[in-house]
Every structure is written in C-alpha cells, then in structure tokens.
Amino acid sequence: MTAMPPVRGQLTPDRPLADLTWLRVGGPADWLFQPADEADLAAFLATLDPHVAVFPMGVGSNLIVRDGGIRAVVIRLGRGFNSISVAGQRVTAGAAALDAHVARRAAEAGVDLTFLRTIPGAIGGAVRMNAGCYGSYVADHLVSATAVTRDGRQVTLDAGELKLRYRQSDLPDGWVITSATFEGAAGDPDALAVRMAEQIARRDESQPTKERSAGSTFRNPAGFSSTGRADDTHELKAWKVIDDAGMRGARRGGAQMSEKHSNFLINTGGATAADLEGLGEEVRKRVFQQSGLTLEWEIMRVGEPAADK
C-alpha cells in the first residue's frame, strides 16, 4: 500500500464505509482521511502520490458504495468545515454544513435560502450536484466556492466557472469543495420559518423519509426538479415513468423501490450494494422497454463490486 503523507487530522486504512452512507451499504476505502482544516487538506493533497485516486465524500446521502469498496483515499470533511456565517444577504457555509442547517441559519438572519431546507446532505455535495427543489437550484444563489485541487492548491471559483446545470457541474475530479457563498433575497424570519415547515410537511407526506434511502434515485427525464406548484407537470417525472413500467414497490434482496414514492430506492434491511444497484438497473431496463426513455442515475455509484468467492 502506498505510503501516506503525515497529517494533523485522522487517516484510517481499510475503513468500512457502510456506516457513513445513508443506505448503509458498501465495502472499505483503502484510506479514509478526515482533515483537521483546509491547510491540513491542502498539505496532504500536495504531498500525496499523484497516481493515488482521491474521492471526496460528503455525508453519504446520495451515494452507493459498491460491496468491494473503493481503491482510493476517501476524503470526508468534518467539524473543521461546518461553519455558517451571514453578512448582509450573503451566507457562507463550510462544505460539511448540512443543507438544512444553512437554510435555517439563513432564515433566522432574514435571508431566503429556504429551498435548501428539504435537500438531504451537505453543502459540498449540493454545490457539486447543483442541488435543487421547488424550482430553485444552487445555481440560482451561488456566488462562489472555495476548493482544494488534487495537487493541493487552494482556489476560489466564481459560480460561472462550475458551469452548473441539472444535477451536474464541471468540478474537476479530485478537487474538494471546502466552502461556498450564497446570496438570497431578504425575507421575514417568521415567514421563512413557516415556509420551511410547510416544505417539510409536504416532503414527509410524499417521501419515505423514515426509511434508509438516498433521496431521488434517478434524474427526471424532463431535465428539472419538481416545482411544487399546482401547475407542475408529471409526464416526464422519474416516478411517473417508473410507475408506468410497473416498478413501484419492486424488490431485489433487501432493496425496494418505495411504495410511497417510486423514485426512492430503499434498503429494507440487509440489502447489499449489489441488490440496490441491480434493482436500479432493472428499473432502467423496464422503463426503457415501456417508454423508450433512458433514466439517468442521480445517486452516485462508486467503487468495485465484491470479489467472486
């Protein structure tokens, strides 16, 4: 195994990742690095053998780690990266700050970033994936982001440089977002709190929030998120084409497409990553046969399958 640079944070070999993902599946990473701060991260990446793969991991809310694990250094940001500060209409949050916490802190300060309240995960992943719901996206509010490059440089990126689009960005492989600055409209804190409470109630009514899931499994073929408005259209929503293909509630091993919301893949207990990914691929096949549409995964799948015994 490649020798690792000295660090001030925590560096763990052969670290199982299942307990760090919302779906609770996956094999070990060659190494898990939890840097103490941005300087620790930058020094590590500057010294690390450039041939060693690096995979930045958030809170594992949108991720399937395959059963054989990841042949890479997984970088997971923690306490040194979860600060939230407000200056006027701008909110700066560390990449490890939870989206919901950022929305609440902003609302308390009279800044409307309420769209973040129901998005699972942390700010780093939200920026990388241009997360959004109810018709608002990170791209609508992002001012800039800071990152550490694969070779250890600390950089600031204007929002435009990331070329944010539906569930995608142009962040280079191995770059680790460390913080982001957003701008929101002014709003009354009490009114914003009421709006967020309504969003949570609407989400809990329609989504299996008490189950082990990773949020939406597939991107909407329409190319945009649900708006939540009365005039929203459902023809090209992932859940609708999954329903039309007869896959609501479909199972494989411990994996199931939720009965409550058919675009949610859940671990009912004891599922392997292979169960989950295999069921997802079966859904994609059935949808294509039914409608000619090719569903694109929204959940990121990484690593290697389990070795044959």
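Computed from a predicted structure; not experimentally measured.

(A) The overall build of the protein, seen in detail. If you tally the helices and strands in the protein, you get six helices and 19 strands. Here the C-alpha radius of gyration of the protein, 19 Å, is about what a compact globule of 309 residues would show, namely 19 Å. With respect to the three principal axes, the spread of C-alpha positions in the protein is 60 × 55 × 30 Å. For the protein, buried positions account for 50% of its 309 residues. For the protein, the share of sequence-separated contacts (at least 6 apart) that also reach a separation of at least 24 residues comes to 63%. Carbon and sulfur atoms make up 49% of the accessible area of the protein, which amounts to about 14,000 Å² in all. Side-chain charges in the protein split into 35 positive and 38 negative, and the spacing between the mean points of these groups amounts to 3 Å.

(B) The arrangement of the packing of helix α2 (residues 99-108) against helix α4 (residues 189-206) in detail. Look at α2 against α4: their axes get within 8 Å of each other, and the N-to-C directions meet at 155 degrees. By the angle between their directions, the pair α2 and α4 is classed as roughly antiparallel. Contacts between α2 and α4 involve Ala103, Arg104, Ala107 and Glu108 from the former and Pro189, Leu192 and Met196 from the latter. Of the residues that constitute the contact of α2 with α4, the class distribution is five nonpolar, no polar and two charged.

(C) Main features of the side chain of Gln199. Tracing the backbone shows Gln199 in helix α4. Residue contacts for Gln199: discarding those within four places in its chain leaves Thr114, Arg117, Thr118 and Tyr134.

(D) Just the packing of aromatic side chains, in detail. Tallied over the entire structure, the rule returns two aromatic pairs. Look at Phe33 and Phe44: their rings are 4.3 Å apart centre to centre, the planes differ by 35 degrees, and that puts the pair in the tilted class. Note that Phe33 is positioned in strand β2 (residues 28-34) and Phe44 in helix α1 (residues 38-47), a separation of eleven residues in sequence. For Phe44, a relative accessible area of 1% corresponds to the buried category. Relative to Trp297, the ring of Phe218 lies with its centre 5.0 Å away and its plane at 55 degrees, an arrangement referred to as tilted. Of this pair, Phe218 sits in the loop between β15 (212-216) and α5 (238-244) while Trp297 sits in the loop between α6 (273-291) and β19 (300-302); the two residues are 79 residues apart in sequence, bridging distant segments of the chain. Judged by relative accessible area, Phe218 falls into the buried class, the value being 1%.

(E) Highlighting unusual backbone geometry. Backbone geometry places Arg24, a non-glycine residue, at a positive phi of 60 degrees. Here Arg24 lies in the loop between β1 (10-16) and β2. You will see that Asn130, though not glycine, has its phi angle at about 50 degrees, which is positive. Relative to the assigned elements, Asn130 resides in the loop between α3 (123-128) and β9 (132-133). A relative accessible area of 3% places Asn130 in the buried class.

(F) Fine view of the pattern of salt bridges. Taken as a whole and judged by the stated rule, the model has 17 salt bridges. For Arg167, the salt bridge goes to Glu298, with nearest N and O atoms at 2.9 Å. Remark: Glu298 occurs in the loop between α6 and β19 and Arg167 occurs in the loop between β12 (154-158) and β13 (176-183); sequence separation between them is 131 residues. Arg167 sits in the buried class, given a relative accessible area of 9%. Judged by relative accessible area, which is 10%, Glu298 ranks as buried.

(G) How the structure looks around the sheet that holds strand β18 (residues 264-267). Overall, antiparallel pairing links the four strands, which are arranged β15-β18-β17-β16 in an open sheet. Edge positions in the sheet fall to β15 and β16 (251-252), since each has one partner strand and no second. Set on the sheet, α6 makes contact with β16, β17 (255-257) and β18; between it and β17 the angle comes to about 35 degrees.

(H) Structural detail: the sheet that holds strand β3 (residues 54-57). Read from one edge to the other, the open sheet built from four strands follows the order β1-β2-β5-β3, with strand pairing classed as mixed. Where the open sheet ends on each side, the last strands, each with one partner, are β1 and β3. Pairwise comparison of adjacent strand axes, ignoring direction, gives a mean angle of 30 degrees for this sheet. As paired elements, β3 and strand β5 (residues 70-76) share four bridges and run parallel to each other. Bridge pairing in β5 links Pro56 to Ile75.

The rules behind each value
Residues numbered from 1 in each chain as written. Predicted model: local features only at pLDDT ≥ 70, side-chain atom pairs only at ≥ 80, totals over all residues. Heavy atoms only, no water. Helix = DSSP H or I, 4+ residues; strand = E, 2+ residues; numbered from the N terminus. Rg over C-alpha atoms; globule rule 2.2 N^0.38 Å. Buried < 20%, exposed > 50% of the residue type's maximum accessible area, 1.4 Å probe, protein only. Contact = heavy atoms within 4.5 Å. Areas by Shrake-Rupley, 256 points an atom, 1.4 Å probe, with all protein chains shown as cover. Lys, Arg positive; Asp, Glu negative; His and termini not counted. Charge placed at Lys NZ, Arg CZ, Asp CG, Glu CD. Axes fitted to C-alpha atoms, helices over the stretch in contact; angles between N-to-C directions. Parallel < 35°, antiparallel > 145°, perpendicular 65-115°, else oblique. Nonpolar A, V, L, I, M, F, W, Y, C, P; charged D, E, K, R; others polar. Phe/Tyr/Trp six-rings, centres within 6.5 Å; stacked < 30°, edge-to-face > 60°. Salt bridge = Lys/Arg side-chain N within 4 Å of Asp/Glu carboxyl O. Pairing = 2+ DSSP bridges.

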